[in-house]
Structures are given as structure tokens and as C-alpha cells.
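Structural overview
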Amino acid sequence: MDRILYTAMSGAKQSMDQQSVVSHNLANVDTVGFRAQLHAMRAVPVQGEAALATRTSVAASTPGSDFSPGPMATTGRELDVAIDGNGWIAVQAADGTEAYTRRGDLQVDGDGLLMVTGRPVIGEGGPIIVPLGAQLSVGADGTLSAIGEGQGPEALVDVGRIKLVDPGQAALLRGDDGLFRPAANAEGEVVPLGQDEDVRVVSGVLEGSNVSAIEAMVSMIDVARRYEMQMKVIGTADESAQRANNLLSLQG
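Residues numbered from 1 in each chain as written. Predicted model: local features only at pLDDT ≥ 70, side-chain atom pairs only at ≥ 80, totals over all residues. Heavy atoms only, no water.

**Considering the overall build of the protein chain**
Assigned secondary structure in the protein chain consists of two helices and 21 strands. For the protein chain, the spread of C-alpha atoms along the principal axes amounts to about 100 × 40 × 30 Å. Considering only residue pairs separated by 6 or more positions, the protein chain has 62% of its internal contacts joining residues 24 or more positions apart. Element-wise, carbon and sulfur atoms account for 54% of the exposed surface of the protein chain, whose accessible area totals about 14300 Å². Within the protein chain, one finds 18 positive and 32 negative side-chain charges whose respective centroids are separated by 11 Å. (Helix = DSSP H or I, 4+ residues; strand = E, 2+ residues; numbered from the N terminus. Contact = heavy atoms within 4.5 Å. Areas by Shrake-Rupley, 256 points an atom, 1.4 Å probe, with all protein chains shown as cover. Lys, Arg positive; Asp, Glu negative; His and termini not counted. Charge placed at Lys NZ, Arg CZ, Asp CG, Glu CD.)

Here it is as C-alpha cells:
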């Protein structure tokens, strides 16, 4: 088989993978606090007997996520919060570890657990539990205040504080659950981030996805055309190989 099939196939495969990333981003264009996933490809020279200056394969090079802020939308709902600037909300992942999200549409479940994205929100002493039926408000530093059902403003009490973190220049990695975590240290351990007193939230506001629907659609068309081009190269190579075989059979 002509080696051009392998080089063209590598490009087609990576184009398919990039299409999956673009489709995922486009599907989350309306997801609160979503961070677009980035995907890039790089040329890798072919080594060994097939080495030629013009023969390269394509390999994926995923740089991570786009952490640029998304648009802010005022909702007026007390439990809708958005990070003002840099920062993340700490939540408890399914495996019990700490993870982070920019999503701020907080909910209270039937047991009084404060939840976001279906995961408990972490406070200073673990998952936050609030009084059922209470009127809740969130301060700029993440402090949760509650007024009991049937009580007046004078009964306002603090019931917890959302853990807000800022990794700074440290990289956060997206997990399969869509939550972010810091990279593992030299010992292979993922150390939770500490509370950052400078992180602030705004109540009654939600941060939208930072995915541009127009840019995602243009990227999807571009990737589809590149995939089609690679498939045409494969088809041309196969056609050339068949013609060569016919000529050889005639000579024989």
C-alpha cells in the first residue's frame, strides 16, 4: 500500500477528532459557565525507511481550555452567582474529591444541600447545608445568609461560606465530568486549592458560555472541508495503486 495513504489517514483521523471537539463546544454554547475546549494539530516527520523531507503525519496537540470570560446575564435570582474576574467555585466531585467550576446557578436539594451541576458546593467545613424553606442570599465573599421561613430580616444568620479559589497561573485540567482540577504534583497527588480571600462573586447574575456560536460553526465547516480533502487524497492514492497494478498485470 502506498505510504501516502497512511499520511492522509492521519490527517483525516485528527480532523475527525477536532470535529468532535468543535461539536462539543457548539453543543454547550448555552451552558452556564462553560469553558471552550481547544484543539490543535501538529506535523510530525515520518521516521524510518519511509522518511522523506516532504512526508509528515499529523498528531493531536490539545492545549487545554479557553479560560476567557463569558458574557454576563442578569437574572435577579438570589442563588444565581457569577465570579467577578478570576476565580472558581469549589464543588465535591462524584469520587469525593474537590473540583472547580465557573457555573453559578446554585440549587438546594431536598436535604438542604447546596448544589451546582448536580454536585455539592464545598464550604469551609465541607458540603454546605442550608435550612430548608429559608430565604437565602449570597454575599460578595461567598457568605450565605438565611432568613428562616416566617421570620423577619432581624433573624438573618450566616449559614456557610462558598469556597472560592484562584489557581493563578497554574493550569487547571478538565475532567471527563466537565469539572476542573489542578495538575498532579511530583508525587502524583492532586492537592486541593486553598480559599482565596480576593475572589468575589456577584449575586443575581450568571456567566454564560465563552463559546462563540458563529466561530464554532465556521470552524466546523473548515474541519469538514479538510476531512473531505484528506479523503480525496486517499481515494486518489487508491485509484493510482489500482492503475499501477493493472499495468503490472498487463506486462506480466
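What follows continues from the structure just given.
**Quick look at the nonpolar core**
The biggest cluster of nonpolar side chains holds 23 residues, and the ones touching the most others in it are Ile89, Leu106, Val121, Leu144 and Ile162. When contributions to this core are tallied by element, the ones reaching two or more residues are strand E6 (81-84), strand E7 (88-92), strand E10 (114-116), strand E14 (135-138) and strand E15 (143-147). Excluding residues that lie within four positions of it along the chain, isoleucine 89 makes contacts with Val81, Ile83, Ala99, Tyr100, Thr101, Arg103, Gly104, Val121, Ile162, Lys163 and Leu164. Counting residues in hydrophobic clusters, the runner-up holds eight residues, among them Trp88, Ala90, Ile122 and Val165. (Core = buried A, V, L, I, M, F, W, Y, C linked by side-chain atoms within 4.5 Å. Buried < 20%, exposed > 50% of the residue type's maximum accessible area, 1.4 Å probe, protein only.)

**Some thoughts on the sheet that holds strand E11 (residues 119-120)**
Reading across from one edge, E9-E10-E11 is the order of the three strands in this open sheet, with antiparallel pairing throughout. The sheet is open, and its two edges are formed by strand E9 (107-108) and E11, each paired on a single side. (Pairing = 2+ DSSP bridges.)

**Notes on the pairing of E14**
Burial of E14 is one-sided: the residues Leu136 and Val138 facing one way are buried, the residues Gln135 and Ser137 facing the other way are not. Here E14 runs beside E15; their pairing, made up of four bridges, is antiparallel. Following the sheet pairing, leucine 136 is matched in E15 by alanine 146. Remark: four residues form the turn of the hairpin made by E14 and E15, two consecutive strands paired antiparallel; glycine 142 in that turn has positive phi of roughly 90°.

**As for the sheet that holds strand E16 (residues 157-161)**
Taken in spatial order, the three strands of this open sheet run E14-E15-E16, and their pairing is antiparallel. Of all strands in the sheet, those bounded by a partner on one side alone are E14 and E16. Averaged over all neighbouring strand pairs, the angle between strand axes comes to 30°, with direction disregarded. (Axes fitted to C-alpha atoms, helices over the stretch in contact; angles between N-to-C directions.)

**As for the pattern of salt bridges**
Pairing between side chains of opposite charge can happen when their charged atoms approach one another. Applying the stated criterion across every chain, the model contains eleven salt bridges. In this structure, lysine 13 and aspartate 17 form a salt bridge, with 3.1 Å as the shortest nitrogen-oxygen distance. Within this pair, lysine 13 and its partner aspartate 17 are both found in helix H1 (residues 4-27), separated by four residues, close to a single helical turn. Overall, the relative accessible area of 29% leaves aspartate 17 in the partly exposed class. Salt-bridge contacts for aspartate 105 lead to arginine 103; the nearest nitrogen and oxygen are separated by 2.8 Å. Accessibility expressed as a relative area gives 14% for aspartate 105, which makes it buried. Taken together, the shared-partner salt bridges in this structure form one network comprising Arg35, Arg102 and Glu207. (Salt bridge = Lys/Arg side-chain N within 4 Å of Asp/Glu carboxyl O.)

Nothing here speaks to function; it is all geometry.
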